[in-house]
Amino acid sequence: MERTQTKGNVKISLLFDQGTFVETGAYVKRAGCAEEYEGVICGYGSVNGKLAFAFVQDSDRMKGAFDATGAKKISALYKKAKASGAPVIGVFDSAGALIPEGSAVLSAYGSLLADVSAASGIIPQISVICGNCSGLGAVAAGMFDIKIAADGANVYLSAAEKSGDIADFHCKDEQEAFARARQLITMLPSNNMDVACTNETDDPERAVAATLQDTDALVKDVCDADSALLLGAGHKDGMLTYLASIGGVLTGVIATDRAQNGGKLTERGARRAAKHVALCDSFNIPVVTLVDSDGIDPACTACGVKAYGALSAAYASAACAKVTVVTGRAYGAPFVLLGSLAQGADMALALEGATISPMTPAAAVAFLYNDEITADKSRAQVEAEYAATKASALSAAEKGDIDDIVPAEELRARLCAALYMLDAKAEGPLSRRHTTLSL
C-alpha cells in the first residue's frame, strides 16, 4: 500500500543511509480513528554503515500529537534497540499530548520517560528537536545523552513559559541537525560494551602551538585535526566540554575557560562537567581534563555546593581512563574536584609554569606572609616568590600530587601516550587463577 510522503518521512531520509530504513508498526492507526495513521514513525536502518533505531514525531499527522499508541510503538522500538545494542535517535516535533485521551496520555508519557531512563548508559541516545517540544515531551528530550536543536525549535515546559536552553548543539536548519546526529552516531560506540573506533590521521607527536590563554584553541590544537566537537556552545558557565579524537582515541574533553571570569568553577559549569564525565564513563570513553582556574565562583549557593559534590562523585566513581592536566592556575577546590589524583585520576600532569595552591598567591601572602613584606621586598615580590616556590608545579610533584611536568608544546604527545597506555583499562581489572609459587 502506497504511503503519503510527510515531514516525518523527509526527516528519516535525512537521517538514514539511502534505502536502508525499515519502518516498524507502519500501518498502526490512532486508537478510535480508522483513517489516521499513528503520529510517530518508528524503525531502524543504517547511519554511515552503523545500525541505529529512531522514532520520529510527524507534525503532518495531527501535528504529531502524542498518545498511548505512539508510546507503545516507541517502547517496542527501545526493546529492539537494547537487544541489538544499537543507539536510538528521538526526533521531537509535536504539538503535545492528545488531550481527549485524558489520563491515558499521561501514562503514555510516563512509559516514554521510563524507556529513556531504562536505556540510559546502555545505548547512546540522541534527541533532535525540529519544532515544538513541550511539557513531558520536553522532559523526555532533555533526558537524552546529547540534544540537538534545529533553528526554530521551541522547548516549553508549559503553554505559558518557554524553558531554558537544553541543546548541546544548535543548527541552522534540519539538514545540519541531522548531519550532526549522523556524525555523532558514527563517533560514539553503539553500546556500553562496544569500543569506539576513530581514524588516526594526525601525528601524535605534533607540537602544540596554541596559546594557553585561548582554551578553545588549545583544546582543538591538542586534539586530532578538526575532530573536537564543542557541546553547549554559548552556555556561558566557565566550562567547555567536547567529544574529540586524540591520537585516534575517542575522548571526552573537559576544560575550564580562563576567558570567563578566570575559569572559576560555577554551579552550572560543575553540573556540565559532571554530566560529561558520567556520559563518557557509561560508554568507556576516556576523559581528559584541562584545569586553569582561579577557584570557586564567589556567587556559589547551597545548590552550587550540591553541584560541586556531584562533580566530585562523578570523577571519583568513574572507571574510565582519566588524565588531568593543570595548564595554568589551579587554586583551591577546582584542583581537587576536576580529576585530581586524589579523586581517582590515572595520570595528572602540569605544564611548566603552572601554579597549584589552596588559595591565590595574593590571598596566601595576605593570610600568612605579611611579615615578609619589607621596605626592600614588596608585596608583589613576596607573591611572585610564593607562586614560584610553594605554589609551583614542582612543589606539587614533589608531594606526589602531580605525576610529571611537561613543556606546553609536548602536551599532545604526552596525552596520546597516556591514552595509549590506558587503552586496556576499559576492559576491566585482570583476574588471577593462582599465584606463581616459588619452588
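Calculation criteria
Residues numbered from 1 in each chain as written. Predicted model: local features only at pLDDT ≥ 70, side-chain atom pairs only at ≥ 80, totals over all residues. Heavy atoms only, no water. Phe/Tyr/Trp six-rings, centres within 6.5 Å; stacked < 30°, edge-to-face > 60°. Buried < 20%, exposed > 50% of the residue type's maximum accessible area, 1.4 Å probe, protein only. Patch = residues over 30% accessible without salt bridge, like charges linked within 9 Å, V, L, I, M, F, W, Y side chains within 5 Å. Areas by Shrake-Rupley, 256 points an atom, 1.4 Å probe, with all protein chains shown as cover. Salt bridge = Lys/Arg side-chain N within 4 Å of Asp/Glu carboxyl O. Lys, Arg positive; Asp, Glu negative; His and termini not counted. Charge placed at Lys NZ, Arg CZ, Asp CG, Glu CD. Helix = DSSP H or I, 4+ residues; strand = E, 2+ residues; numbered from the N terminus. Disulfide = S-S within 2.5 Å.

A. Layout of the packing of aromatic side chains. Under the criterion given, the structure shown has seven aromatic pairs. Seen in terms of ring centroids, Tyr 44 and Phe 53 are 5.6 Å apart; in terms of plane orientation they differ by 45 degrees. Their pairing is tilted. We classify Phe 53 as buried; its relative accessible area is 4%. Here the aromatic cluster, defined as three or more aromatic residues joined through ring pairs, consists of Phe 55, Tyr 78, Phe 92 and Phe 144.

B. Geometry of a negative patch on the surface. Taken together, the side chains of Glu 200, Asp 203, Glu 205, Glu 352, Glu 409 and Glu 410 make up a negatively charged region of the molecular surface. You can see Glu 410 is positioned in the loop between strand 18 (404–406) and helix 13 (411–421). The partly exposed category is assigned to Glu 410, whose relative accessible area is 39%.

C. Representation of the state of the cysteines in the model. Enumeration over the complete set of coordinates arrives at zero disulfides. Residue Cys 223 stays outside any disulfide, its sulfur separated by 9.2 Å from that of Cys 416, the closest cysteine. With no disulfide of its own, Cys 280 lies closest to Cys 320 among cysteine sulfurs, the gap being 6.4 Å. A relative accessible area of 0% means that Cys 280 is categorised as buried.

D. Layout of unusual backbone geometry. Positive phi, normally seen in glycine, also occurs at Asn 48, with a value near 50 degrees. Position of Asn 48 relative to the elements: it lies in the loop between strand 2 (40–47) and strand 3 (50–57). On the basis of relative accessible area, Asn 48 is assigned to the partly exposed category, the value being 41%. For Asn 261, which is not glycine, the phi dihedral falls at a positive 55 degrees. Assignment of secondary structure puts Asn 261 in the loop between strand 13 (249–256) and helix 7 (267–282).

None of this, on its own, says anything about what the molecule does.
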